[in-house]
Amino acid sequence: MFLHLGFDVVVPIEDIVVIIGWAPKGKEKNKINKKFFRKEEKEGHIITIVEEKIKSLVITNKERHYLSPISKQTLAKRSIKKVFTGG
């Protein structure tokens, strides 16, 4: 099963490690998340689906992580629905 992250981007649900809320640059509260993001961005692993209104960061077990315009709550609901109902 796949999870739609916005626009034409979908990823296999089994590749998703975690979905975290996103704060605008400079307003991140969690130092570990900030450090991880900076490292991954520097290495070219961050894919920005849309430049405006980023609401979540989807971290995968591949070398790709996605900045999505869809909130972490909505993505979580979609993924749970797909896993438990098959649709």
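Refer to the preceding data block for the structure.
Now for the overall build of the protein. Each helix and strand in the protein was counted, giving two helices and six strands. Traced from its N-terminal end to its C-terminal end, the protein shows the element sequence β-β-β-α-β-β-β-α. On C-alpha atoms alone, the protein measures out to a radius of gyration of 13 Å, which is about the 12 Å that the 2.2 N^0.38 rule sets for 87 residues. Each principal axis of the C-alpha distribution contributes one length, and for the protein these read about 40 × 25 × 20 Å. Of all 87 residues assigned to the protein, the portion counted as buried reaches 36%. Averaging the coordinates of the 18 positive side-chain charges in the protein and doing the same for the 10 negative ones gives two points 9 Å apart.

Enumeration according to the criterion identifies two salt bridges in this entry. One network of salt bridges, with partners in common, ties together K39, E40 and E43.

The next point concerns the nonpolar core. Of all hydrophobic cores here, the largest spans eleven residues; its members are L3, L5, V11, I13, I16, I19, I49, V58, Y66, I70 and L75. Elements with a contribution of two residues or more to this core: β1 (2–6) and β3 (16–21). Setting aside residues up to four positions removed in sequence, V58 forms contacts with L5, I16, V18, I19, H65, Y66 and L75. One finds W22, I46, I54 and L67 within the second-largest nonpolar core, a separate group that totals eight residues.

Before going further, it helps to spend a moment on the sheet that holds strand β6 (residues 65–68). A sheet is described by the order of its strands in space; here four strands give the open sequence β3-β5-β6-β4, paired in mixed fashion. Either end of the sheet is taken by a strand with one partner, and the two such strands are β3 and β4 (46–48). Here the average twist between neighbouring strands, direction ignored, is 20°. Strand direction decides the pairing type here: β4 and β6, joined by three bridges, are parallel. What sits directly across from I46, in β6, is H65.

Rules used in this analysis
- Residues numbered from 1 in each chain as written.
- Predicted model: local features only at pLDDT ≥ 70, side-chain atom pairs only at ≥ 80, totals over all residues.
- Heavy atoms only, no water.
- Helix = DSSP H or I, 4+ residues; strand = E, 2+ residues; numbered from the N terminus.
- Rg over C-alpha atoms; globule rule 2.2 N^0.38 Å.
- Buried < 20%, exposed > 50% of the residue type's maximum accessible area, 1.4 Å probe, protein only.
- Lys, Arg positive; Asp, Glu negative; His and termini not counted.
- Charge placed at Lys NZ, Arg CZ, Asp CG, Glu CD.
- Salt bridge = Lys/Arg side-chain N within 4 Å of Asp/Glu carboxyl O.
- Core = buried A, V, L, I, M, F, W, Y, C linked by side-chain atoms within 4.5 Å.
- Contact = heavy atoms within 4.5 Å.
- Pairing = 2+ DSSP bridges.
- Axes fitted to C-alpha atoms, helices over the stretch in contact; angles between N-to-C directions.

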